[in-house]
Amino acid sequence: MEISDITGGRLSNQHISPAAGAKSPEDVLNSLGAVQAQDYPAALWAIGLRCNDSPTRADVEEAIARKKISRTWLMRGTLHFAPSRDMHWMLNLFAPRLINTAIARDRHLGLGDDVIRRAKELFAIALKREGQLTRDEMYKVLEKGGIRNEGNLGYHMLYRAAWDGLICFGAHEGKQPTFELLDKRVTNIRKLSNRQALAELANRYFTSHGPATVKDYVWWSGLTVSDAKAGIEGASFGLESVQLQEKTYYTAKNLQRRGGHDGRVHLLPAFDEYLVGYADRSAVLGGAEAQRMLKSGKVYFTTSNGIFLPVVVADGEVVGTWKKRAEKGRALVTVRPFVKLDEQRKNGATAAAERYGDFLEVPIATTFEKWDL
C-alpha cells in the first residue's frame, strides 16, 4: 500500500468521489456512522456532497424533518448527525463515559444531582405539551421553573438531558435549532448489546473511513483503547489490515473502490470527516509544497481555537481553504490556495463551487486569492 492508496481509498469510502456517492442523506450516515455537526450549515453540505443525486440543502433538511436523520451530542461529546434509528445504541455506548466526565463540570458550575434531575423534568413536561421548542424557549422553561441558566448553564443542562436520552435536536425553525423528546422523535429503535455496538461502530468506521489506524479510530470515537480494540476484534470478519511505514491500517475486506483519484477537485466544509475523522492527517497534507507552507505558519487549515476550516482537496490532498460570502442574489466563493494551482485545478475548484451553489440553490461566483507565498 502507498500513501496514494490511503487518500484514494478515503475519497471513495467516504463517498466524496461522485462515482462512490451514496443514494440519500440517510445512506450517507448509515455508511459513515455519524458526521460531525456543531456547524449546522457545514454538516448539511458534508452530507449533501456525498450523495450521487445532487440533493439541495432543502433535500437534506427534509430528511431531518422526516426524522430519518437526527442530531445530538455523541462522539467525544461533540454534536453529530447520525441515523435516527441508531441514536439509542450510540448514546448507550458513549453517554456513560461522557456523563462521568461531566459530573466534575456539574460541581464546578454548582449543579447538584437535584438540579439536573429537575431540569430534565421541566424539559420533559414542556416538550410533551409543545412537541418541539427552540433553544431559547428551552432556556425559558428553566427560568420559569426557577433554575438559573446564565452563561453556559442552560447549554450544559441541554446536553446533559441529551446524554441521558431524554432530548435531541429536531428540525430547524427558521435559523433556530429546536429540541424534541428523543423517544417521540425516534420510534424505530435499533437495539444492540454493548458488544454488538462496539463491533458495529468499528465496522462502520473502518469501512467508511479506512484505511485508518487504531489511533485514528480512538480519536474519532472517543472510546478507550481497550473498547476500540474489542470492537475491531468483533468486526474482524469484515476487516483486513495492511502495513505502511510501520503502521497498521484497517479497511473493509474486498471493498471495491469507486472513483478515488479521478482528477476532481472538492470543496469540503468546515469540520469535514475527511480531516476531522483522523488523529493522523499527514496523508492528506502530504504534498511537499503544502507541508512547507503549513509549517511556515503562513497558511493553516485550523484556527488557534481548534476550528477546522473549509478545505479544497485535489487528488486527495488538501491544497487550500475556501470561504463563502453571501451577496445580493448570489454567493461568492473565495479560494485561498496553499500551493500554486494550475488552470485545470482552478477549473476543478470552480466546478466544485458551482455544485455547492446548486446545493444552496443560488448562483455562485468563484475567485482565487493570489498565490504569492
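For the structure itself, look to the data block above.
Residues numbered from 1 in each chain as written. Predicted model: local features only at pLDDT ≥ 70, side-chain atom pairs only at ≥ 80, totals over all residues. Heavy atoms only, no water.

A. Geometry of the overall build of the chain. From N to C terminus, the chain includes 15 helices and 13 strands. The C-alpha atoms of the chain give 21 Å as radius of gyration, which agrees with the globular expectation for 373 residues (21 Å, within 12%). Overall size of the chain, expressed as C-alpha extent along the three principal axes, is 60 × 55 × 40 Å. The proportion of buried residues among the 373 residues of the chain is 52%. Across the chain, every contact between residues at least 6 apart in sequence was considered, and the portion connecting residues at least 24 apart equals 67%. Carbon and sulfur atoms provide 47% of the accessible area of the chain, an area that totals close to 17,000 Å². Distance from the positive charge centre (52 side chains) to the negative charge centre (44 side chains) of the chain: 2 Å. (Helix = DSSP H or I, 4+ residues; strand = E, 2+ residues; numbered from the N terminus. Rg over C-alpha atoms; globule rule 2.2 N^0.38 Å. Buried < 20%, exposed > 50% of the residue type's maximum accessible area, 1.4 Å probe, protein only. Contact = heavy atoms within 4.5 Å. Areas by Shrake-Rupley, 256 points an atom, 1.4 Å probe, with all protein chains shown as cover. Lys, Arg positive; Asp, Glu negative; His and termini not counted. Charge placed at Lys NZ, Arg CZ, Asp CG, Glu CD.)

B. Summary view of the packing of aromatic side chains. A full pass over the atoms with the stated rule returns 18 aromatic pairs. Here the aromatic rings of Trp-73 and Phe-169 are separated by 5.2 Å at their centres, their planes lie at 50°, and the arrangement is tilted. Taken together, the residues span a long stretch of sequence, with Trp-73 in strand E2 (residues 69-73) and Phe-169 in strand E5 (residues 167-169) at a distance of 96 residues. By relative accessible area, Phe-169 is classed as buried at 3%. A centroid spacing of 6.3 Å and a plane angle of 25° characterise the contact between Tyr-217 and Trp-220, whose relative ring orientation is stacked. One end of the pair, Tyr-217, and the other, Trp-220, are both in helix H11 (residues 214-221), three residues apart, so they sit about a helical turn from each other. Grouping residues by exposure puts Tyr-217 and Trp-220 together as buried. An aromatic cluster of three or more residues is present, and its members are Trp-73, Tyr-155, Tyr-159, Trp-163, Phe-169 and Phe-179. Just above the ring of Phe-169 sits the side chain of Arg-71; from NZ or CZ to the centre is 4.3 Å. Geometry around Phe-368 places Lys-346 over its ring, the cationic atom sitting 5.7 Å from the centre. (Phe/Tyr/Trp six-rings, centres within 6.5 Å; stacked < 30°, edge-to-face > 60°. Lys NZ or Arg CZ within 6 Å of the ring centre and 35° of its normal.)

C. Main features of the sheet that holds strand E10 (residues 311-314). Spatially, the five strands line up as an open sheet ordered E9-E10-E11-E12-E13, and their pairing is mixed. Strand pairing shows two members of the sheet lacking a second neighbour, strand E9 (265-268) and strand E13 (364-368), which therefore form its edges. Put simply, the sheet's adjacent strands are angled 30° from each other on average, direction ignored. Bridge count for E10 against strand E11 (residues 317-327) is four bridges, and the pairing is antiparallel. When the sheet's bridge partners are listed, Ala-314 is paired in E11 with Glu-317. Most of the contacts of helix H15 (residues 343-360) go to E13, to which it runs at about 150°, and overall it touches E9, E10, E11, strand E12 (330-337) and E13. (Pairing = 2+ DSSP bridges. Axes fitted to C-alpha atoms, helices over the stretch in contact; angles between N-to-C directions.)

D. Structural context of the environment of Thr-248. In this fold, Thr-248 is placed in strand E8 (residues 247-252). A residue is classified by how much of its surface remains accessible, and Thr-248, at 28% relative accessible area, is partly exposed. For the pair Thr-248 and Val-214, spaced 34 residues apart in sequence, the C-alpha separation works out to 8.0 Å. Here Thr-248 is in contact with Ala-212, Thr-213, Ser-241, Val-242 and Gln-243, once residues within four sequence places are set aside. Engagement of the side chain of Thr-248 in a polar contact is seen with the side chain of Gln-243, the distance being 2.7 Å. (Polar contact = N/O pair within 3.5 Å; in protein donor to acceptor, adjacent residues only side chain to side chain.)

E. Geometry of helix H12 (residues 225-234). Those residues of H12 that fall on the buried side of the exposure criterion are Ala-228, Gly-231 and Ile-232. Taken around the axis of H12, the buried residues stretch over an arc of 100°, which confines them to a single face. The outward face of H12, more than 90 degrees from its buried face, is lined by the exposed residues Ser-226 and Glu-233. Taken together, the buried residues of H12 touch helix H10 (194-209), H11, strand E7 (239-244) and E8. (Arc of directions from axis to C-beta.)

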